[in-house]
Number of protein chains: 4
Amino acid sequence: MAEHDPERLHQKLREFAERFPLFRLLGVELVEFRPGYARTLLPLRDDLKNANGMMHGGIIATLIDITITQAMLMTDEYQRVRETRGSLTSVDLRVKYLRPLSSGHAVCEATIPHLGKRISHANAVVKSAEDKPLAFGDSTILITLGDAPAPK
Amino acid sequence: MAEHDPERLHQKLREFAERFPLFRLLGVELVEFRPGYARTLLPLRDDLKNANGMMHGGIIATLIDITITQAMLMTDEYQRVRETRGSLTSVDLRVKYLRPLSSGHAVCEATIPHLGKRISHANAVVKSAEDKPLAFGDSTILITLGDAPAPK
Amino acid sequence: MAEHDPERLHQKLREFAERFPLFRLLGVELVEFRPGYARTLLPLRDDLKNANGMMHGGIIATLIDITITQAMLMTDEYQRVRETRGSLTSVDLRVKYLRPLSSGHAVCEATIPHLGKRISHANAVVKSAEDKPLAFGDSTILITLGDAPAPK
Amino acid sequence: MAEHDPERLHQKLREFAERFPLFRLLGVELVEFRPGYARTLLPLRDDLKNANGMMHGGIIATLIDITITQAMLMTDEYQRVRETRGSLTSVDLRVKYLRPLSSGHAVCEATIPHLGKRISHANAVVKSAEDKPLAFGDSTILITLGDAPAPK
């Protein structure tokens, strides 16, 4: 089946991301992703700044949430969710802010240090173009398999 | 002094919010704010949705961050920060997702249950138009007074 | 059935708590509990202090975890877990430290602001004998029903 | 000066840990520590268990808090705190529970991925004797320098 072919799935997911309205609204670029890993990039613009002229904390949180989701999409666990028409739900999201970003762009990398059957834990780090850490993020994800029969 | 007059400060902050680029990008409306409390509203649009058609978790995080900041702006603690040219920094932001939002708008209310000299703790709750809780949020804020002499 | 009788269940749970080894090790007293609420008390002793002579942060975390569990035990959701031989799992625990405690005792109150079918969110506050807030706590709890047939 | 000699400081801190009442109450062993890193060990005993016979979540939180503190004690930042009679305060502590521990012992390792001037972020992982991850932990630490003159 097409969906089992990792290259085709990767290509479909990339095209989906390129057209995705929220990515276009904010300017998020999907740089790279594979099972359990994703890297995105977000150039700073005036309408993504807080009142101090730095990238807004909520926008950094959004970038982390987006990147963590992208790191989940190609895992085997998510493949099972897709096949059984189950769901993947963010239970929470946390961001620790280390340094502000005043210009250039933010790069976010997400990994999945714990992929459980029901609960997975994802981590993320956001860095500046100069590779300075700007924020750490983490998210707890609930995996619910659906009732649809698995494909043969 | 003008900045000490709460009504004028309130008016200035409201005008600032109405012109604020990120608020306009996302469509955030500032409904009400006073020292230690703020309420905002965000209508759901297609470009604020995740791949399941629900309001994106990062956008909910952004709404929480915005509302918590607004709840801090009229506190006496923030007035001291402003006078001494100090700074208010979000140390972290956390969101717990309870229910998805598929239509209508999200309302966010923020309060400040602990206003310390150096660390403050803010809480937020996001609800649907039907008053169903969608998310809980909290943030730790670091207050740093500046070196500028306090006005007489 | 005996387990359905709230008074008998309450009595059994109280006796269990009084004999519970960890409660005895630390000196935790169960003051009051009902569905969705619990209050405990912990006198400060030298072997519960950190190097600065204050109640240790880990001990405060333990008191919060204990009290949150106690607030879950009499809920209908937990009754279903018990009947079906399912499980209640802490996904996480978070503590925000506001003030140190140097003498007297800590009182902890826990509530359950969101009781979902799969995920519940609990909150706690720890105060001094003088009613000063010492810490805020929260925990995410995963509810898994078992396969045992429900009793008639 | 003696306090500047890392070997003597290490020896003093180890002796302090071995006599420390809370370590003795719970049975915490300090295995290894150096600037920015610490490893501890805690054998499971009946009075450290929850009602399901697993190591109590609060005890795991306590082990994480202890180990993170130990990883801070030999950093240069903490040396400055000590010299100026300042303070090191845990702003928060978070634990994510991955698996229960039913026998043997828990090993905790802490690192400090971000050592800022005012805020530091520490991480920890707890594993079983078989090296299975049991919990992830993190803590935000506020550094406040004191007014005492720095030694020459």
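Quantities reported herein were computed from a predicted structural model and do not represent experimental measurements. Within each chain, residues carry numbers counting from 1 in the order of the written sequence. Just so you know, chain letters begin at A and ligand numbers begin at 1, following the order they were written in. Since the coordinates come from a predicted model, pLDDT governs what is reported: local features require at least 70, and pairs of side-chain atoms require 80 or more to be given and counted, while whole-chain, interface and lining totals use all residues. Side-chain descriptors were evaluated using all non-hydrogen atoms of the structure, hydrogens and water having been removed beforehand.

(A) Spatial organisation of the relation of the copies chain D and chain C. Rotating chain D by 180° and moving it 0.0 Å along the rotation axis overlays it on chain C with an RMSD of 0.0 Å. Considering both components of the superposition, the chain copies are consistent with a two-fold axis. Closest approach to the rotation axis among the C-alpha atoms of chain D is made by R94(D), whose C-alpha sits 2.2 Å away. Only heavy atoms enter the contact rule, under which two residues are in contact if any of them lie within 4.5 Å. When the interface residues of chain D are mapped onto chain C, 100% of them are again interface residues, pointing to one common binding face. When the copies are superposed, the least-squares fit takes in the C-alpha atoms of residues with a pLDDT of at least 70 in both.

(B) Representation of the packing of helix α3 (residues 57-72) of chain A against helix α3 (residues 57-72) of chain B within the structure. What counts as an axis is a line fitted to C-alpha atoms, over the stretch in contact for a helix, and the angles between N-to-C directions run from 0 to 180 degrees. Helix and strand assignments come from DSSP, with helices taken as H or I runs of at least 4 residues and strands as E runs of at least 2, each series counted from the N terminus. Direction vectors running N to C along α3(A) and α3(B) enclose 160°, while the axes themselves pass 8 Å from each other. Here α3(A) is positioned roughly antiparallel relative to α3(B), judged by the angle of their axes. The handedness of the crossing between α3(A) and α3(B) comes out as right-handed. Between α3(A) and α3(B), the contacting residues are G57(A), G58(A), I59(A), A61(A), T62(A) and D65(A) on the first element and G57(B), G58(B), I59(B), A61(B), T62(B) and D65(B) on the second. Each residue belonging to the contact of α3(A) with α3(B) can be placed in one class, and the counts come to 4 nonpolar, 6 polar and 2 charged. Oblique is the label for any angle not covered by the other classes, which are roughly parallel (under 35 degrees), roughly antiparallel (over 145) and roughly perpendicular (65 to 115). Helix crossings fall into two classes, left-handed where the near helix is turned counterclockwise from the far one by less than a right angle and right-handed where it is turned clockwise. Residue polarity follows a fixed list, in which Ala, Val, Leu, Ile, Met, Phe, Trp, Tyr, Cys and Pro are nonpolar, Asp, Glu, Lys and Arg are charged, and the others, Gly among them, are polar.

(C) Representation of the confidence of the model for chain A. Across the chain, each position has a pLDDT score giving the predictor's confidence in that residue, from 0 to 100. Here chain A shows a mean pLDDT of 94. Residues at 70 or above account for 95%. Quick note on the complex model: pTM equals 0.95, ipTM equals 0.95.

(D) Fine view of the side chain of T40(A). All names here are of chain A. Along the chain, T40 turns up in strand β2 (residues 37-43). Here a polar contact means two N or O atoms within 3.5 Å. Within protein one must be a hydrogen donor candidate and the other an acceptor candidate, and residues neighboring in sequence count only if both atoms are side-chain atoms. At a separation of 2.7 Å, a polar atom in the side chain of T40 contacts the side chain of T67. Not counting residues within four places of it along the chain, the set of residues in contact with T40 comprises V28, E29, L30, V31, L63, T67, A106, V107 and C108.

(E) Geometry of the interface of chain A and chain B. Facing 29 residues of chain A, the contacting portion of chain B comprises 29 residues. When the two sides are added together, the surface that chain A and chain B hide from each other amounts to roughly 2200 Å², 63% of it contributed by carbon and sulfur. For this document, the term salt bridge refers to a Lys or Arg side-chain nitrogen within 4 Å of an Asp or Glu carboxyl oxygen. Taken together, the connections running from chain A to chain B amount to 2 salt bridges. Taken together, the elements giving at least two residues each to the side of chain A that touches chain B come down to α2 (21-26), α3 and β3 (87-97) of chain A. The element best represented in the side of chain A that touches chain B is β3(A), accounting for 8 residues. Taken together, the residues of the side of chain A that touches chain B break down into 15 nonpolar, 6 polar and 8 charged. We treat two strands as partners when DSSP finds at least two bridges between them. Across 5 bridges, the pairing between β3(A) and strand β3 (residues 87-97) of chain B is antiparallel. As a working definition, buried area equals the accessible area (1.4 Å probe) given up by two parts on being put together, with both sides summed.

(F) Layout of unusual backbone geometry. All names here are of chain A. Even without a glycine there, the phi angle at R85 is positive, about 55°. Examined against the element boundaries, R85 turns out to sit in the loop between α4 (76-83) and β3. Not every positive phi belongs to a glycine, and D131 is a case in point at roughly 70°. For D131, the location among the structural elements is in the loop between β5 (119-128) and β6 (133-144).

(G) Representation of the sheet that holds strand β1 (residues 29-34) of chain B in the model. Pairing is antiparallel across the open sheet formed by 12 strands, whose spatial order is β1(A)-β2(A)-β4(A)-β5(A)-β6(A)-β3(A)-β3(B)-β6(B)-β5(B)-β4(B)-β2(B)-β1(B). The open sheet terminates on both sides in strands that have one partner only, identified here as β1 (29-34) of chain A together with β1 of chain B. Each neighbouring strand pair of the sheet contributes to a mean axis angle of 20°, computed without reference to strand direction.

(H) Spotlight on the relation of the copies chain A and chain B. With an axial shift of 0.0 Å and an RMSD of 0.0 Å, the rotation relating chain A to chain B amounts to 180°. Here 100% of the interface residues in chain A have copies in chain B that are interface residues too; the copies meet face to matching face.

(I) Molecular detail of the interface of chain D and chain C. Each side of the interface is counted separately: chain D has 29 residues, and chain C has 29 residues. Taken together, both faces of the contact between chain D and chain C bury some 2200 Å²; the carbon and sulfur share is 62%. At the junction of chain D with chain C, the criterion picks out 2 salt bridges. Two residues, D92(C) and R94(D), come together in a salt bridge whose shortest N-O distance is 2.6 Å. Viewed at the interface, chain C and chain D are joined by 11 residue pairs in polar contact (both at pLDDT 80 or more). Elements with a minimum of two residues in the side of chain D that touches chain C: α2 (21-26), α3 (57-72) and β3 (87-97) of chain D. The element contributing the most residues to the side of chain D that touches chain C is β3(D), with 8 residues. A class-by-class count of the residues in the side of chain D that touches chain C yields 15 nonpolar, 6 polar and 8 charged.

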